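# Observations on the model geometry
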Amino acid sequence: MTTTTAEADVRAVLGRLTEAWNSADAAAYGRLFTEDADYVTFFGMNLPGRETIESSHRALFEGPLKGSKLTGQLGAAAKVRFVRPDVAVVVVGGGSSLTGADTTDEGRDSTVSFVLVQEGGEWLITAFQNTRVSDPRG
């Protein structure tokens, strides 16, 4: 597999992540992660493992984040760097709208870091870190 093909495949995973969120499909969202993935939320909570990631997102999609939408183009805008042919580090800006709008709500811009690994011919997310963008000067 060429780097160009691998990069397109990695970007496609991020596109599917956005689609799963915007469809409130917790099962599809969870399937994008390795069994032992670590998912660190913007407020620092770690959700370990695919099952926890899926169940917590199901609760979010049915509760406080019902109707929310990820904004921007995660896959298209991402900086993708391969540390090995089967390991990619991705950093990208993102945001969300609690009302389902196409634009990011004020205060909901984030920088998101991913580590993806190739397992069994497919790319999966094994580490996720969402950091809310803020002004350190207060």
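Everything that follows concerns the structure shown earlier in this document.
A short tour of the structure in this document, coming up. Per chain, residue numbering runs from 1 following the sequence as it is written. Totals for whole chains, interfaces and linings use all residues, but because this is a predicted model, local features are given only for residues with pLDDT of at least 70 and pairs of side-chain atoms are given and counted only at 80 or more. Heavy atoms from the whole structure form the basis of all side-chain values; hydrogens and water molecules are not counted.

## Things to note about a negative patch on the surface
- Together, Asp36, Asp38, Glu119 and Glu122 make up a region of like negative charge exposed at the surface.
- Secondary structure elements follow DSSP: runs of H or I of four or more residues count as helices, runs of E of two or more count as strands, with numbering from the N terminus. If you trace the backbone, Glu122 turns up in strand S7 (residues 122-132).
- Whether a residue is buried, partly exposed or exposed follows from its accessible area with a 1.4 Å probe, protein chains only, as a fraction of its type maximum: under 20%, in between, or over 50%, in that order. Residue classification places Glu122 among the partly exposed residues on the basis of a relative accessible area of 44%. Two joining distances apply to patches: 9 Å for like charges and 5 Å for nonpolar side chains (Val, Leu, Ile, Met, Phe, Trp, Tyr), and every residue must have over 30% relative accessible area and no salt bridge. For the accessible areas, the method is Shrake-Rupley and the probe is 1.4 Å, while residue cover comes only from the protein chains on display. The working definition used for a salt bridge is a side-chain nitrogen of Lys or Arg within 4 Å of a carboxyl oxygen of Asp or Glu. Only four residue types enter the tally: Lys and Arg on the positive side, Asp and Glu on the negative side; His and the chain ends are excluded. Think of each charge as sitting on NZ of Lys, CZ of Arg, CG of Asp or CD of Glu.

## Observations concerning helix H3 (residues 50-62)
- Expected helix span is taken as 1.5 Å per residue step, with the number of steps being one fewer than the number of residues. Taking 1.5 Å per residue as the helical rise, H3 with its 13 residues ought to reach 18 Å, and the 18 Å between its terminal C-alpha atoms agrees with that figure.
- Every buried residue of H3 is listed here: Arg50, Ile53, Ser56, His57 and Phe61. Projection of H3 onto a plane perpendicular to its axis shows the buried side chains occupying an angular sector of 140°, all on one side. Those residues of H3 that are exposed and aimed more than 90 degrees away from the buried face are Glu51 and Glu62. Working definition: the arc comes from the directions between the helix axis and the C-beta atoms, pointing outward to the latter.

## Some words on the packing of aromatic side chains
- The rule is short: rings of Phe, Tyr and Trp, with Trp giving its six-membered ring, pair when the centres are within 6.5 Å, and they are stacked under 30 degrees, edge-to-face over 60, tilted in between. Scanning the model with the defined rule gives 10 aromatic pairs in all.
- Ring centres of Phe82 and Trp123 lie 5.8 Å apart, and the angle between their planes is 65°; on these two criteria the pair is classed as edge-to-face. A residue pair is termed long-range when its members are at least 10 positions apart, and Phe82 in strand S4 (residues 79-84) and Trp123 in strand S7 qualify at 41 residues.
- On the accessibility criterion, Phe82 (23% relative accessible area) is partly exposed.
- Here the aromatic residues Trp21, Tyr29, Phe33, Tyr39, Phe61, Phe114 and Phe128 are joined through ring pairs into a cluster of three or more.
- Directly above the aromatic system of Phe42 lies the positively charged group of Arg132, at a separation of 3.9 Å from the ring centroid. Two limits define a charge over a ring: the Lys NZ or Arg CZ must be within 6 Å of the ring centre, and within 35 degrees of the ring normal.

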